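Take a look at the letters that make up each chain.
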Amino acid sequence: MKKSIFFAFVLMSSLLFVACEKEDNPTANNSTLTSNVVKDLVADTIVGLSNGQPVGVGKYTFYSLENNTVVPSTDSNSNKWDIAFRGTSILTNAGTSGPGAGGAFVYTGTYDELKTVSPDSVFKKDSAPSSYAIPSGSNRGWYVYDPVNNLITPIPGRVLVIKTAKGNYAKVEIINYYKGGTTPAPSASDEIKLKTQRFYTFRFAHQANGTASFQ
Amino acid sequence: MICDISMMMVNVDRSNIAPDFSCMWRFLLSISFFPLAGFSQTNTDSIFNASLNEVVVTATRTPRIMGNLAIPVSLIVNKTMYQSGSLRLNDILAEQTGLVITDNFGRGIQMQGLSSEYTLVLLDGEPLIGRTGGVLDLSRITIRNIRKIEIIKGPSSSLYGSEAMGGVINIVTDRAGQHKTDASIRYGRFGSIDGAINVSRRFKNTDIQIASNYNRSEGYSLKPFAIQKTVEPFWKSAHQLNLHNRISDRWKAGTGMRFNTSHIDNSIAVHNLGNTIVSKGFEKNQEYNFTPYLQYQVDKKIKSVLRGYITGFDAMQQLDVKDAYGSYNDKFNQLFARLEQQTDFHPTQHSTLTLGAGIIKEQVSSNRYDSLSTTRQNQIIYSFVQHEHAISERFTIIGGARFDANKAYASVLSPKLSFQFKLNQRLNFNASYGRGFKAPDFRQLYLNFTNLAAGAYAVFGTEVAATEIKRMSDAQLLEQTTDMFSNLSILKPETSGGLNFGIKYVHPNNLHVNLNIFRNDLSNMIVTDVIAFKKNRGQIYSYFNLKRALTQGAEINVSQQISNTLNIQAGYQYLFTADKDVTVAIKRGQVFQRSASNNLVSRMGLNDYGGLPFRSKHSGNLKLFYENPKGFFATSRIIYRGRWGTMDMDGNGLINRNDEFARGYVKLNVSAGIQIRQRIKLMAGVDNVFNYKDIIHLPGNPGRVGYLDLQFNF
């Protein structure tokens, strides 16, 4: 625990340094901010049951926010990816998850309101298996699980603030967890709910110039 | 002798004398401080207006005339229940203003926006037990042998102890000693059969009443071709015996005995990734009540009653799972015993003092908690006092308090205060404030439940949570505990403060208008929260006194006797509910919602908040009762329930979007009947004429149901 706080401090101070340095060059902002929507990103879709629990093949889907593209899993031990998805678990490229200078935290507020990353923000790093920068579990990070209807819903007003492997900033809003960006009706069969889940729809903005601004 | 006041002073529920109207009349005058002339135009026998001259006992624990009560109370008489074609308690309550029947864990009642667990249901003054998920299933109770139902709303009846927060419903069974025998049989859709026999006799000093009821149905399926029926085939039986003995002019003793059984077939289909696992079995609930009492009339001013009560509720479910999972057995046995002494003093004719004390022993054993061999017990000692005083002919005040002390959770004091002011014979104002409570139940204290199917979550009661977490932690099963784990503490009772303000208006032209404005502030409400995460990410919950809520609204009832044969009644309730902490968070701008059309997230405003789930902002009814002197009657009852929030869809845990509401509905129920030669009553009816269905939100509503009913008086 103390270690991670220490890491966070180191991380934060380095961020501040980076942020200050880049702010000297504010004109580049407009051209370096990219906004994208990613649809139906497969995140280890369910292939069967094990001990009554649905399981996939257990592989993460790695994604580069810098390049807006999926990264082959053979490159998982590199700085080529920034964020990875497997079921409801999300990794960032740092700590126990990868060699990058990444990190993340969950911001409460709307996506549009988040115009700049506050300098006192604490970026966490993944520390498997006990703690992740984006906490997994219902109502802990980005989603709630409804055990009655067996549905996963992204919590509105949660934005994932990501530091990419290279140390740039991005903000990610997860919009839906089901195929086609549509959550099945609560009355839909379990089969439909299981077969259509683990398809992410999310939007993100990525600031390539190293500043903390999303404007 | 017949009109000895001592005879009338008995708890009217169990009065063992035949109703003698002249005697009743003098009795009423003796305890009422106001001229009744203004009300005397109301026909006491009328089914239409639960007449203001009726004697009710539930409001103050002593017999009182309804028109003189400083507490909102309503009454449903047997004739209304019969003509409305009601068989079970939920049938008739569903047609009353401000009462909503819920459809989770059986038929529960919602009153003033408070759910079933906050409403006390009494049978002849004694509380019924056997709740599932806090809900007392009202369909357990036949009303074939019920004389009247008294309903007190709000916690002004806090003298009844735990659960009397939203209100109290007292079901009063038929009088003994009436020399009558009747039998009835009903056939309805879905192979529904209901048969009942009631016998009432008097032998010298002993009065007896016997009632038996059998009810069955083949159930129904709202989804065609489903393996599992929406309502599975069931049968229910109820047997009751009441005995009263006048030992002397002053002493009276008696007992009531009741035995209830219900049996429900189970055929449960679980779909898992295309595999369908079918389990077959049954559910069986047995309930028994034993209510001996001894009453002593010291003199005209003092009466004392010693009441005993033993009741048990045994539930079991047995399923044979057609797979490798083996069989499933669930057992729940609850026992409740109470001894209570109540003394009523009438120091002057303007005041009544009621003193009482009692002891309750409760025990539960269930394999939901531990093993069946471990019995959880609690003992409660309580006392109460109430003083009613008529300060002037126009102004009456009632004050009272109850104190409950026990071992398992914190003690609680429940005070109440009511006023009534009669401006004139037409207009009458009342105001009351009361505090009620609900004790933490055994589930919240001792539950030890792990669901392997749905997300592998677990729920532990507060008394067992710490031990279980330690055991799991030692076995390396936990990922981590949460901050809430360190907040685990002894549960406090849930409490509410209720304020009621009522206006009653009676026009000589047989128009009655009743307006009641209410507000209930609930605190220390018990909710679940996550205390730990398992390694497989399953969540572990326990219970906390966290939530504060508010329900407020207004209820209006109007009835008009249009002619000797026709009566029209209309009722409406406006209800506003809120979780107070949600309201605070919304005001602080910490709550968000996602649009259903464009997925955009915005801050929620107070106007977007739909309040507590399952509450309808608007509900009402319109009823017509026709009855001619030849014994023919016809009724038409329209019941309206406005939309209500059901589930969160956008992940904020709140009711805010339109797709999070169930559609409102209108139900029309009709019935007609005729009496042939004083002995035979024939009735036919159709419930839900418009055939309204909502498979998802109203599984207990099968659509249109017709029935035929034959009653024979011997």
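**Thoughts on the overall build of chain B**
Item 1. Helices and strands together make up the secondary structure of chain B, namely eight helices and 38 strands.
Item 2. Of the contacts formed within chain B by residues at least 6 apart in sequence, a portion of 62% connects residues at least 24 apart.

**Topic: the sheet that holds strand β8 (residues 103-108) of chain A**
Either a parallel or an antiparallel arrangement is found when strands of a sheet pair, and the pairing is made through backbone hydrogen bonds.
Residues and elements named next belong to chain A.
Item 1. With antiparallel pairing, the five strands of this open sheet are ordered in space as β1-β13-β12-β11-β8. Two strands in the sheet have a free side with no partner beyond their single neighbour: β1 (33-42) and β8. Averaged over all pairs of adjacent strands, the angle between strand axes in this sheet comes to 25°, irrespective of strand direction.
Item 2. Two elements, strand β12 (residues 169-178) and strand β13 (residues 197-207), share eight bridges in a ladder whose sense is antiparallel. Looking at the pairing, isoleucine 174 lines up with phenylalanine 202 of β13.

**Overview of the packing of aromatic side chains**
Item 1. On inspection of all chains with the given rule, the structure shows 26 aromatic pairs over all chains.
Item 2. Clustering of aromatic rings is evident, with ring pairs tying together Tyr63, Phe85, Trp142, Tyr143, Tyr177, Tyr178, Tyr200, Phe202 and Phe204 of chain A.
Item 3. The positively charged end of arginine 643 of chain B is found above the aromatic ring belonging to phenylalanine 661 of chain B, 3.6 Å away from the centroid.

**Let's talk about the side chain of serine 84 of chain B**
All names here are of chain B.
Item 1. With respect to the element layout, serine 84 can be found in the loop between α3 (78-83) and α4 (89-93).
Item 2. A distance of 2.7 Å separates a polar atom in the side chain of serine 84 from the backbone oxygen of threonine 80.
Item 3. When residues no more than four places from it in sequence are discounted, the contact partners of serine 84 are Ile92, Glu95, Phe625, Arg637, Ser671 and Tyr707.

**Focus on unusual backbone geometry**
Item 1. For asparagine 68 of chain A, which is not glycine, the phi torsion reads 55° and is therefore positive.
Item 2. By secondary structure assignment, the location of asparagine 68 of chain A is in the loop between β4 (61-64) and β5 (69-71).
Item 3. By relative accessible area, asparagine 68 of chain A is classed as partly exposed at 29%.
Item 4. Unusually for a residue other than glycine, aspartate 124 of chain B sits at a positive phi of about 50°.
Item 5. Relative to the helices and strands, aspartate 124 of chain B is located in the loop between β6 (119-123) and β7 (126-127).

**Comments concerning the side chain of arginine 594 of chain B**
Item 1. With respect to the helices and strands, arginine 594 of chain B occurs in strand β30 (residues 592-594).
Item 2. Of the buried charged residues, arginine 594 of chain B lacks a salt bridge, with glutamate 173 of chain A as the closest side chain of opposite charge at 4.1 Å.
Item 3. A distance of 3.4 Å separates a polar atom in the side chain of arginine 594 of chain B from the backbone oxygen of isoleucine 174 of chain A.

**A short note on the confidence of the model for chain A**
Close inspection of predicted coordinates is inappropriate in any region flagged by low pLDDT.
Item 1. Per-chain confidence: chain A averages 84 in pLDDT, with 84% of residues scoring 70 or above.
Item 2. Long-range and interchain partners of residues 1-29 of chain A, a stretch whose pLDDT sits below 50, account for 26 contacts in this model, where long-range means more than four residues apart.

**Observations regarding the sheet that holds strand β8 (residues 146-153) of chain B**
Residue and element names in this part refer to chain B.
Item 1. Across the sheet, which stays open at both edges, the five strands sit in the order β3-β8-β9-β6-β7 with mixed pairing between neighbours. The open sheet has two edge strands with one neighbour each: β3 (73-77) and β7.
Item 2. Where β8 meets strand β9 (residues 167-173), seven bridges bridge the pair, whose relative direction is antiparallel. Bridging across to β9, glutamate 150 finds its partner in asparagine 170.

**Overview of the nonpolar core**
Item 1. Membership of the largest hydrophobic core comes to 63 residues, with the highest contact counts inside it found for Leu89, Leu93, Ile149 and Ile540 of chain B.
Item 2. Examining the composition of this core, we find that five residues originate from one element, strand β27 (residues 511-534) of chain B, more than from any other.
Item 3. In this structure, leucine 89 of chain B is in contact with Val121, Leu138, Ile141, Ile143, Ile149 and Ile171 of chain B, ignoring residues within four places of it in sequence.
Item 4. Of all hydrophobic cores here, the second largest spans 25 residues; its members include Ile83, Ala104, Val172 and Tyr200 of chain A.

Cut-offs used in this document
- Residues numbered from 1 in each chain as written.
- Chains lettered and ligands numbered in written order.
- Predicted model: local features only at pLDDT ≥ 70, side-chain atom pairs only at ≥ 80, totals over all residues.
- Heavy atoms only, no water.
- Helix = DSSP H or I, 4+ residues; strand = E, 2+ residues; numbered from the N terminus.
- Contact = heavy atoms within 4.5 Å.
- Pairing = 2+ DSSP bridges.
- Axes fitted to C-alpha atoms, helices over the stretch in contact; angles between N-to-C directions.
- Phe/Tyr/Trp six-rings, centres within 6.5 Å; stacked < 30°, edge-to-face > 60°.
- Lys NZ or Arg CZ within 6 Å of the ring centre and 35° of its normal.
- Polar contact = N/O pair within 3.5 Å; in protein donor to acceptor, adjacent residues only side chain to side chain.
- Buried < 20%, exposed > 50% of the residue type's maximum accessible area, 1.4 Å probe, protein only.
- Lys, Arg positive; Asp, Glu negative; His and termini not counted.
- Salt bridge = Lys/Arg side-chain N within 4 Å of Asp/Glu carboxyl O.
- pLDDT = per-residue confidence, 0-100.
- Core = buried A, V, L, I, M, F, W, Y, C linked by side-chain atoms within 4.5 Å.

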